[in-house]
Structure formats: structure tokens, C-alpha cells
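What the coordinates show
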Amino acid sequence: MTQPLRIVVADDEPDMRDYFKKILPRLGHQVVAAAETGRELVEQCRALHPDLVITDIKMPDMDGIDAAVVLYQEWPIPVILVSAYHDPELIRRAEVDHIMGYLVKPIKQSDLEPVIALALRRFEQFQALRQEAADLRQALEDRKVIERAKGILMKRAALDEQAAFRRLQRLASDKNLKLVEIARALVTAEEAVQEPSP
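A brief report on the enclosed structure follows. Predicted model only: the values in this text are computed from it and were never measured. Within any chain, residue numbers begin from 1 and follow the written order of that chain's sequence. This being a predicted model, a pLDDT of at least 70 is required before a residue's local features are given, and a value of 80 or more before pairs of side-chain atoms are given or counted; all residues contribute to the totals for chains, interfaces and linings. Hydrogens and water are ignored here; the side-chain numbers use all heavy atoms of the structure.

1. With respect to the sheet that holds strand 2 (residues 30-35)
Reading across from one edge, 2-1-3-4-5 is the order of the five strands in this open sheet, with parallel pairing throughout. Two strands lie at the open edges of the sheet, namely strand 2 and strand 5 (99-104), each paired on one side alone. Direction aside, the axes of adjacent strands within the sheet are offset by 20° on average. The pairing criterion for strands is at least two bridges between them, as found by DSSP. Only runs of H or I of at least four residues qualify as helices and only runs of E of at least two qualify as strands under DSSP, and these elements are numbered from the N terminus. Bridging between strand 1 (residues 6-10) and strand 3 (residues 52-56) involves four bridges; their strand directions are parallel. Bridge assignment links Val9 to a residue of strand 3, and that residue is Ile54. The sheet contacts of helix 1 (residues 14-26) involve strand 1, strand 2, strand 3 and strand 4 (79-83), and relative to strand 2 the element is tilted by about 170°. Angles run from 0 to 180 degrees between N-to-C directions of axes, and those axes are lines fitted to C-alpha atoms, restricted for helices to the stretch in contact. Throughout, a residue-residue contact means that at least one pair of heavy atoms, one from each residue, lies within 4.5 Å.

2. Let's talk about the nonpolar core
Residues Phe20, Leu24, Ile54, Ile80, Leu112 and Ile116 are the most contacted members of the largest nonpolar core, which totals 24 residues. When contributions to this core are tallied by element, the ones reaching two or more residues are strand 1, helix 1, strand 3, strand 4, strand 5 and helix 5 (109-156). When residues of this core are assigned to their parent elements, the largest contribution, seven residues, is made by helix 5. In this view, Phe20 contacts Val9, Pro25, Val31, Ile54, Val82, Ile107 and Leu112; residues no more than four positions away in its chain are not counted. The nonpolar core is taken to be a set of buried Ala, Val, Leu, Ile, Met, Phe, Trp, Tyr and Cys residues, with the residues joined through side-chain atoms within 4.5 Å. When a residue's accessible area, from a 1.4 Å probe over protein chains only, is under 20% of the maximum for its type it is buried; when over 50% it is exposed; and in between it is partly exposed.

3. Here's the deal with the side chain of Asp142
Mapped onto the elements, Asp142 comes out in helix 5. On the basis of relative accessible area, Asp142 is assigned to the buried category, the value being 18%. Between N or O atoms, a polar contact is any pair within 3.5 Å; within protein, one atom must be a potential hydrogen donor and the other a potential acceptor, and residues adjacent in sequence are included only when both atoms are from side chains. Within polar-contact distance, the side chain of Asp142 engages the side chain of Gln138 at 2.7 Å. For Asp142, the side chain forms a polar contact with the side chain of Arg184, separated by 3.3 Å. Contacts of Asp142, omitting those with residues within four sequence positions, involve Val180 and Arg184.

This is how it looks when you write it as C-alpha cells:
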């Protein structure tokens, strides 16, 4: 069994909300809110920051997919969609990054446990990939700054590339700073003394 989760459920049918409130605690989870509309779902999630959302697709005022998109823009959260329809268009719309599971009604308790475990696992992998991509982007940005700083030292101090890099490393070590922090400081200083373009 997965660890106990705080779950917000959403469905415009009262019997489905009641069903989730009854079944999810049997699986060891807590239903912290049960929304009737997409907007209510978004408001409940903003207030409660649950671990997981299980939402019907077709609801008044905002459907489950649109609500999931709004939520994901604010903070990443795994979402499992529920539908009474096996509609190819809905499935295509549901293929957005943060939709981690899809169930077709009627839902049995035996359907919920594996889809919750799978959704959480996929979400962890997705988050790890996003973090890796962000780290790579940052490393690339850092590299560009270090290259610019090396170029400045090569020009100003008449150093070759290796000597410029060693000087940056020595400065970083002497000041107990990261290499990129020294490089940023050097680039900023160079920008400050350059003539402004007309």
C-alpha cells in the first residue's frame, strides 16, 4: 500500500463524492475535501494543498482537465481523472504532463489502489525529470557566465584561456565563493565600467 495521502476529490454527482469519502479511507487515505465543481476544486486545493486530486472530467463551470491545468500552473500536484465516458477527445486532452491516471466509471475499490500507486510513482519520476532539466539549464547558464568572465580576463589581463580559468578558480577559492559567483561578479563589474551605448 502507498503512504497515507491527503486527497481532494471532485465530482458533480453527490453519490460519487460519497463513494470516494467511503472508499479512500479504507485504502488508508484521508479525503480532506469533496468539491462539486471545477472552480470549487481549485479553491479547495489552494486552501488545503493536498497530495493528490481525483476529479471527474465533466463538471459545471470548469471541467476536471481545465481545473487540473490551473492547479498545475500554481504548483505541481498529481491528478487522476475519472470519466463515465471512454471518449478519445477527452483522453487526448488528458494527455497533459500532470495527469497521472485515468479511470472510467463505475470505479471499484480494486481499481483505485493500483492507479493511486502508479500515479504517485509517475509523478515522482516526472518531478525528477523536471528537476534534472532545470539543473541542466542552470548548468548551461552558469557555463555561459564563466565563459564570459574568462573572455573578460583574457582581454583585460592578456591571459590565455587556461590562465584565465585558473585565475577565476583561485579567486573563487580565496573568496570562498562558487566559481559562477565570481564569474557573475566579474561580468557585472565589466558591464558597470563599459561605455553605455548611445
